Amino acid sequence: ILLFESITGYSVFQCSDEFSIDLYSSKFQDYINLFSNFCNFFKLKTFVPFNSLEHSLQNCTFISNGVATTFLLEFLLNINKKKKKENLGIIDPKLATYIRQQSKLNTLSDETVVEYCRVIRLHFEKVTKNFFYREIRKAQCGVAHLFSQSKMKIDLRKTDNMIIQSNLLLEQFDKDINFLSMISKEWYSWYFPELGKIVTDPYLFSLIVKFVGKKSEFSAKKILELKILVMSEQISKEITEAAKNSIGFEISNVDLKIIEKLCESIILMAEFRDNLIFYLSKKIDLIAPNLKELIGENLSAKMISKAGSLKNLARYPSSTIQILGSEKALFQSLKTKTKTPKFGILFNSGFISKTKISNRGKISRFLANKCSLAIRIDYFSPIYTSFYGKKFKKQLEKKFQELN
């Protein structure tokens, strides 16, 4: 007899002893394709349906792990009450071993059983069409989706992929804003060269360019509005005086419009960047609150992004976390047999950069140890709290004071 598992339930087929065609012959496939030939040698002995979709998913999950549910064991024991000497063919060797150990049934799992189950799977829909009220294909699709989701075991609160993508996008925005602001400054400097020296912030520079436009159109009202825009009376005075005595040459309206459009793009990108930083901060709060408390959201995001995931980061020892981000320098030092680097991404932490050069190795080791503990607490703990991060930060501050 053969056990056949499907999303509809468990079936047991009786295979005739006369069915002895060579499995590897060229005629075998042609022979089994005919439903009439299948009916001559395979008979459905019994069938037990699942109670619900959840019941089907539970049994599928257990079987995929090579474990039989109580429901399956009771079903098989009821069948074999009279004929205990019959061999039970099961396609999965792990499941066959488990059933043999739990129920003392004579189970078998080999290539012949696999081929027989393949024959049953080919014609199973036709066999069960009279007593199964749903379309098997649709049922298979529904259970397959649920099964895939259960195997993935995604906790939406701990999806660190969003942090990785946000960090990469943030780095790209920084590069793009710097590049575009450099172009806009150089372009507008032909017309108003003094402005670039007065205002250095790219976002504020773009706002002023869009607001000022042509220098000749400066009025008392515009000067007052400029003071509100820059939030500094001194800077607004400097801009006003520089606009009156500017040595820049005139440009056409078309050129000015292009520069204003470029500045508008910089403003939008800078505003979106601020929103992205806020989003990243909130996301880090959910996923790695202790690590954020210890080194801040920017460094936390960079470390998770560099490792690939919080799971990978939790597996790293503190020595790897200490030099994470300095792989090139590490391999170069191993190649040239010089001193290995003492820190990587963690150098951007204020605890290391503000420490004396002679003590930076000690503080970086201490910080890496605390980061390693914070990461593992964040990943493995079911409770979302930054309590441990605050404790570690106090210890770190105490160590920082000792070394300085």
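Along each chain, residues carry numbers from 1 onward, in the same order as the chain's sequence is written. It should be noted that, the model being predicted, local features are given only for residues of pLDDT at least 70 and side-chain atom pairs only at 80 or more, the latter also being counted only at that level, while totals for whole chains, interfaces and linings use all residues. Only hydrogens and water are removed before side-chain values are computed, so all heavy atoms of the structure are retained for them.

A.B. asks: Can you help me understand helix 8 (residues 161-188) in this one?
C.D. replies: An α-helical turn contains 3.6 residues, so any two residues separated by three or four positions project in the same direction. Starting at the N terminus, helices and strands are each numbered in turn, a helix being any DSSP run of H or I of at least four residues and a strand any DSSP run of E of at least two. Multiplying 1.5 Å by the residue count of a helix minus one yields the expected span of that helix. Look at helix 8: 40 Å from first C-alpha to last across 28 residues, which is about the 40 Å you get at 1.5 Å a residue. Each residue is assigned to one of three classes by its accessible area relative to the maximum for its type, calculated with a 1.4 Å probe on protein chains only: buried under 20%, partly exposed between the two thresholds, exposed over 50%. Taken together, the buried positions of helix 8 are occupied by I163, I164, S166, N167, L170, F173, I177, S181, S184 and Y188. Structurally, helix 8 contributes buried residues whose contacts are with helix 9 (195-198), helix 10 (202-212), helix 13 (253-287) and helix 15 (297-307). We call two residues contacting when some pair of their heavy atoms lies within 4.5 Å.

A.B. asks: What exactly am I supposed to notice about a nonpolar patch on the surface here?
C.D. replies: On the surface, W187, W190, F249, V254 and I258 cluster together into a nonpolar patch covering about 550 Å² of accessible area. Along the chain, F249 turns up in the loop between helix 12 (233-244) and helix 13. For F249, a relative accessible area of 47% puts it in the partly exposed group. The residues that make up patches have over 30% relative accessible area and no salt bridge, and they are joined within 9 Å when like-charged or within 5 Å when they are Val, Leu, Ile, Met, Phe, Trp or Tyr. Per-residue accessibility takes into account occlusion by the displayed protein chains alone, with areas from the Shrake-Rupley method and a 1.4 Å probe. The salt bridge definition used is simple: a Lys or Arg side-chain nitrogen within 4 Å of an Asp or Glu carboxyl oxygen.

A.B. asks: How should I be thinking about the pattern of salt bridges in this particular structure?
C.D. replies: Two side chains that carry opposite charge are able to pair once their charged atoms sit near each other. Here the structure, examined in full by the defined rule, presents 4 salt bridges. Among the ionic pairs, D285 bridges to K292, the shortest N-O distance being 3.0 Å. Salt-bridge contacts for K306 lead to E327; the nearest nitrogen and oxygen are separated by 3.8 Å. You can see K306 sitting in helix 15 and its partner E327 sitting in helix 18 (residues 327-336), a full 21 residues away along the chain.

A.B. asks: I tried to follow the packing of aromatic side chains on my own but got confused; where do I start?
C.D. replies: Each aromatic ring pair is described using two quantities: the centre-to-centre distance and the angle formed by the ring planes. For Phe, Tyr and Trp, where Trp contributes only its six-membered ring, two rings pair if their centres lie within 6.5 Å, and the inter-plane angle classes them as stacked under 30 degrees, edge-to-face over 60, or tilted in between. Taken as a whole and assessed by the stated rule, the structure comprises 11 aromatic pairs. Between Y10 and F71, the ring centres sit 6.1 Å apart and the planes meet at 35°, which makes this aromatic pair tilted. Taken together, the positions of Y10 in strand 2 (residues 9-15) and F71 in helix 4 (residues 70-79) put the pair 61 residues apart, joining distant regions of the chain. Overall, the relative accessible area of 0% leaves Y10 in the buried class.

A.B. asks: Would you explain the nonpolar core in this entry?
C.D. replies: Inside soluble globular proteins, nonpolar side chains tend to come together where they are buried. The nonpolar core is taken to be a set of buried Ala, Val, Leu, Ile, Met, Phe, Trp, Tyr and Cys residues, with the residues joined through side-chain atoms within 4.5 Å. Counting 40 residues, the largest nonpolar core has L294, I295, M303, L313, L346, L367 and C371 as the members making the most contacts within it. Counting residues per element, the ones that place at least two in this core are helix 8, helix 13, helix 14 (289-295), helix 15, helix 16 (310-315), helix 19 (350-353), helix 20 (360-380) and helix 21 (387-403). Looking at this core, the element that brings in the most residues is helix 13, giving 8 residues. Filtering out sequence-adjacent residues up to four positions away, L367 remains in contact with L294, I295, L346, S349, I352 and L396.

A.B. asks: Would you explain the packing of helix 4 against helix 5 (residues 93-103) in this entry?
C.D. replies: The description of two helices packed together rests on the angle between their axes and the distance between the axes. It is the contact of helix 4 with helix 5, at a shortest axis distance of 11 Å, that shows an interaxial angle of 70°. Taken together, helix 4 and helix 5 sit at an angle that is classed as roughly perpendicular. Here helix 4 runs over helix 5; the crossing is right-handed. Judged by residue contacts, L72, L73, L76 and L77 of helix 4 engage I99, Q102 and S103 from helix 5. Amino acids outside the nonpolar list (Ala, Val, Leu, Ile, Met, Phe, Trp, Tyr, Cys, Pro) and the charged list (Asp, Glu, Lys, Arg) are all regarded as polar, and Gly is one of them. Of the residues in the contact of helix 4 with helix 5, the class split is 5 nonpolar, 2 polar and no charged. A fitted line through C-alpha atoms represents every axis, and for helices the fit uses only the stretch in contact; the resulting angles, taken between N-to-C directions, go from 0 to 180 degrees. In these notes the angle categories are as follows: under 35 degrees is roughly parallel, over 145 is roughly antiparallel, 65 to 115 is roughly perpendicular, and the rest is oblique. Here a crossing is called left-handed whenever its near helix is offset anticlockwise from the far helix by less than a right angle, and right-handed whenever the offset is clockwise.

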